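Structural overview
Read off the chains here:
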Amino acid sequence: MSTAELNPSKLGTKEHWDGVYERELENFEEIGDEGEVWFGEDSVEKMVDWCIDNVPVSSNPAVLEIGSGNGTLLFGLLEAGYDSTRLAGIDYSAGAVKLAQGIAATKDGEAIAFTECDFLNDTPAPLPSDSSSDGLEYWDLLLDKGTYDAIALGDKDEEGRSPAAGYPSRIPRILKPGGLFLITSCNFTADELKASFTAETGLMYHSQVRHPTFTFGGQSGSVVTTVAFQKPQVA
């Protein structure tokens, strides 16, 4: 399935996510509920395990999550030993940023840089310690857990193109040569992700994380798919 084949949904609107995080922020402030874990704890654990194996803590990587929501994935990296001053998350919902910052304060993660940013239109700011950088070709590792999926459910333009069509080309702009991009999706297969993220981006397929499979109608598949891509080193 291509992004153009998906029907628009409220899940692709900023208004929906602003409402979600407004409610989750209220719940957190009232009862300490940290909110929903998108795709579940198992997906978070598998992504963190992949990071440990492929971008180890010892490399002190600069890590950015695109669409970080309540910050669950970044908190998983923090727990795994990654330096909080090298972790960042962006979200276009101000409520998500405030929620993540609030949760971070309960986990000794105040140094994680959660900021408001519309990835399709803005270049994410570098880490606070690297303020002289313009943010281009900056990050060692980019993460996406459901953000590309949500963007793909946005309203199409007059030519029938999904807003997600502009997403893949933005990855190599901010990824260092040799850097890695790990994405988890429930709307696209591994082959579909490979087609979207290697065409005209210069990215190369790196690896795939295995998830539990099911069989239906003689076909096997997974509820979610996690695939990694790499930006080639400069020759």
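Residues numbered from 1 in each chain as written. Predicted model: local features only at pLDDT ≥ 70, side-chain atom pairs only at ≥ 80, totals over all residues. Heavy atoms only, no water.

**Things to note about the overall build of the protein chain**
To keep it simple, the criterion reads: For the purposes of this entry, the term helix denotes a DSSP run of H or I that reaches at least four residues, the term strand denotes a run of E that reaches at least two, and both are numbered from the N terminus. We call two residues contacting when some pair of their heavy atoms lies within 4.5 Å. Per-residue and other accessible areas were derived by the Shrake-Rupley procedure at a 1.4 Å probe size, with only the shown protein chains allowed to occlude residues.
Helix and strand content of the protein chain: 7 helices and 9 strands. Nonlocal contacts in the protein chain, meaning residues at least 24 apart in sequence, comprise 76% of its contacts between residues at least 6 apart. Total accessible area on the protein chain is roughly 11,300 Å²; 48% of this is exposed by carbon and sulfur atoms.

**Examining the packing of helix α2 (residues 40–54) against helix α3 (residues 72–79)**
To be explicit about the condition: With axes taken as lines fitted to C-alpha atoms, and helix axes fitted only over the stretch in contact, angles between N-to-C directions fall between 0 and 180 degrees. Orientation is classified from the angle alone, with under 35 degrees giving roughly parallel, over 145 giving roughly antiparallel, 65 to 115 giving roughly perpendicular, and any other angle giving oblique. Crossing handedness is read from the near helix: turned anticlockwise from the far helix by less than a right angle, it gives a left-handed crossing, and turned clockwise, a right-handed one. Note that Gly is not counted as nonpolar here; it falls among the polar residues with everything else outside the nonpolar set of Ala, Val, Leu, Ile, Met, Phe, Trp, Tyr, Cys and Pro and the charged set of Asp, Glu, Lys and Arg.
Two elements in contact, α2 and α3, have axes whose closest approach is 10 Å; the angle formed by their N-to-C orientations is 45°. Between α2 and α3, the angle falls in the class oblique. When you trace α2 past α3, the crossing you get is right-handed. Touching V44, M47, V48 and C51 of α2 are T72, L73, G76 and L77, all from α3. Its residues assigned to classes, the contact of α2 with α3 shows 6 nonpolar, 2 polar and no charged.

**What about the pairing of strand β5 (residues 175–185)?**
Within a regular strand, side chains alternate between the sheet's two faces. Basically, it comes down to this: Summary of the burial criterion: residues with accessible area below 20% of their type's maximum are buried, those above 50% are exposed, and those between are partly exposed, where the area comes from a 1.4 Å probe applied to protein chains only. Here, a strand pair is defined by DSSP locating no fewer than two bridges between the strands.
Burial within β5 is extensive, with 9 of its 11 residues counted as buried. Note: strand β4 (residues 139–145) against β5, 6 bridges, orientation parallel. Bridge pairing in β5 links L143 to L182.

**Some thoughts on unusual backbone geometry**
Glycine aside, negative phi is the norm for most residues, and most peptide bonds take the trans geometry. The backbone of D108 shows a phi angle near 55°, a positive value even though the residue is not glycine. Positionally, D108 belongs in the loop between α4 (94–104) and β3 (113–116). Of note, the phi angle at E137 is positive, near 45°, even though the residue is not glycine. With respect to the helices, strands and loops of the structure, E137 is situated in the loop between β3 and β4. On the basis of relative accessibility, which here comes to 45%, the residue E137 falls in the partly exposed class.

**Observations regarding the layout of surface pockets**
For the record, the criterion: Within this scheme a cavity is a closed region of a 1 Å grid, computed over the protein atoms alone, that accommodates a 1.4 Å probe without allowing it to escape, whereas a pocket is open but has protein on both sides within 12 Å along at least five of seven lines; lining residues each have an atom within 4 Å of a point. Grid points are joined across faces, edges and corners, and a volume is the space filled by probe spheres set on the points.
The space that makes up the largest pocket amounts to roughly 660 Å³. If you trace the largest pocket, you find 35 residues lining it, with W17, D91, Y92, T147 and A150 closest to the centre. Looking at the lining of the largest pocket, the elements that each hand over two or more residues are α1 (14–31), β1 (63–66), α3, β2 (87–91) and α5 (147–152). Top element by residues in the lining of the largest pocket is α1. It accounts for 5 residues. Classifying every residue of the lining of the largest pocket gives 15 nonpolar, 13 polar and 7 charged.

**Thoughts on empty space enclosed by the protein**
As enumerated under the stated definition, the model contains 1 cavity of 30 Å³ or more in all. Approximately 40 Å³ is the volume found for the largest cavity. Together, V57, N60, P61, G81, Y82, D83, R86 and L87 line the largest cavity.

**A short note on the side chain of K231**
Counting through the fold element by element, K231 comes out in the segment after β9 (225–230). Apart from the residues within four sequence positions on either side, K231 is in contact with E137, P172, L175, K176, P177, G178, G179 and L203.

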